[in-house]
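So the chains spell out like this:
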Amino acid sequence: MTDASIIADPDHDADFGDFFALLKPRVMSLVVFTALVGLIVAPGTVHPFVAFFSILCIAIGGGASGALNMWYDADIDRVMKRTKGRPIPAGKVTEGEALAIGITLSAFAVIMLGLASNWVAAGLLAFTIFFYAVVYTMWLKRSTPQNIVIGGAAGAFPPMIGWAVVTGDITITSTLMFALTFMWTPPHFWALALFMNSDYDKAKVPMLPVTHGTRSTRNHILVYTLLLALTAGALLFTPIAGLVYLVAFAVMNALFIIGAVKIWRRDDAASKADNFKAERSFFKLSLAYLFAHFSALMIDAMLSGVFDGMGFKGLF
Amino acid sequence: MAITKLHEMHKRRKSRNVGLGLVLVTFVGLILALTVVKVTTTDLAPLGGAEAAE
């Protein structure tokens, strides 16, 4: 591209918002929220500004991995209805710009997090970015229908990083918070894949409904929902779970299992007849599920003084 | 009357230039604030103790 073409091509000029969209703001909000909960429930204290700055670094790191994902996946994003409005397929941002932003912000976020808090947290953030950009995006996504199972780990690290910002270590409790999001990701995405099946098929992404059919996907959703309930239950035995988490756990897992059973009992004909009503509501419920669990942990941490007196602070 | 003529390209790129400017100003502010927090909360007692011993 010549200098003249850059000046003369108004379509190429992206707004600031187009560059911001590369960071996947919606995914970033989940990262910020779960990292914040990890930071709040961790034992110990950290200066409020260091906490804010650390969360900002985690958000930027998560956003940077999103930009790297958009750079590498630009070819399939152009094909899929859900993603063709993204900045690269829309022609607003070039692939090279996305790569440069992704690498620069990744390095910035990791180094600044290390300087602001500690290098355990920074190392976890670096590993998260590597896992999402390389292990999931470049390797698993196009090669195995289990892509979302293993790749889900990338989205599950933020609460562990938030925890590490305060404590500087990795514990069973922070690992269980990781496990909660890790086990939640497969049923969440498979429900989406059931009603967005044709999108993944067109892009030749080996999602479970494409490779193994919808019957197998429905079975998988049910099994993973039950495993998720066990994982969420395990958190009850940690010091961070209190009465609010117990209530959220009981209500949300009951609803989630009922939703999974509904999906399991249906076939494609029934789903198409009501435009995937059960699958869509299960997908929406999955968002509320994660939000409720992490919110409950946060509320329990804030109310810990009250519940200490009641003797309920973790079952053990 | 302006002594230079604003190119049409500058108008098109105003949003990203202003956005980048704000990001850079925010970055400088954050680093300044982080420096103040680190300097005021870091315990420098061992250093002071060593100096006192000399």
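Residues numbered from 1 in each chain as written. Chains lettered and ligands numbered in written order. Predicted model: local features only at pLDDT ≥ 70, side-chain atom pairs only at ≥ 80, totals over all residues. Heavy atoms only, no water.

**A few points about the overall build of chain A**
Item 1. Helix and strand counts for chain A come out as 17 helices and 0 strands.
Item 2. Relative to the 2.2 N^0.38 estimate, which gives 20 Å for 316 residues, the radius of gyration of chain A is 21 Å and therefore close to what a compact globule would have.
Item 3. Seen through its principal axes, chain A has C-alpha atoms that stretch 70 × 55 × 30 Å.
Item 4. A burial count over chain A gives 54% of its 316 residues as buried. (Helix = DSSP H or I, 4+ residues; strand = E, 2+ residues; numbered from the N terminus. Rg over C-alpha atoms; globule rule 2.2 N^0.38 Å. Buried < 20%, exposed > 50% of the residue type's maximum accessible area, 1.4 Å probe, protein only.)

**Comments concerning the overall build of chain B**
Item 1. If you tally the helices and strands in chain B, you get 3 helices and 0 strands.
Item 2. Element order for chain B, N to C, with α for helix and β for strand: α-α-α.
Item 3. With the model as given, the accessible surface of chain B reaches about 4500 Å², and the carbon-plus-sulfur share is 71%. (Areas by Shrake-Rupley, 256 points an atom, 1.4 Å probe, with all protein chains shown as cover.)

**Quick word on the interface of chain A and chain B**
Item 1. Taken residue by residue, the interface counts 20 residues in chain A and 17 residues in chain B.
Item 2. Both sides together, the interface formed by chain A and chain B hides about 1500 Å², and carbon and sulfur atoms give 70% of it.
Item 3. For the pair chain A and chain B, the interface holds 0 salt bridges.
Item 4. The interface formed by chain A and chain B contains 2 residue pairs in polar contact (both at pLDDT 80 or more).
Item 5. When contributions to the side of chain A that touches chain B are tallied by element, the ones reaching two or more residues are α1 (3-8), α2 (16-21), α4 (48-72) and α6 (95-116) of chain A. (Contact = heavy atoms within 4.5 Å. Buried area = accessible area lost by both parts, 1.4 Å probe. Salt bridge = Lys/Arg side-chain N within 4 Å of Asp/Glu carboxyl O. Polar contact = N/O pair within 3.5 Å; in protein donor to acceptor, adjacent residues only side chain to side chain.)

**Comments concerning the packing of aromatic side chains**
What describes a pair of aromatic rings is the distance from one ring centre to the other and the angle between the planes of the rings.
Residue and element names in this part refer to chain A.
Item 1. Inspection of the entire model under this criterion finds 15 aromatic pairs over all chains.
Item 2. On the basis of an interplanar angle of 40° and a centroid distance of 4.8 Å, the ring pair of Phe157 and Phe178 is categorised as tilted. In this pair, Phe157 is assigned in the loop between α8 (147-156) and α9 (158-167) and Phe178 in helix α10 (residues 172-195), connecting sequence segments 21 residues apart. Comparing Phe157 with Phe178, the two get one shared label, buried.
Item 3. Connected via pairs of aromatic rings, a cluster forms that spans Phe127, Phe130, Phe131, Phe157, Phe178 and Phe182. (Phe/Tyr/Trp six-rings, centres within 6.5 Å; stacked < 30°, edge-to-face > 60°.)

Shape is all these values report; function is a separate question.
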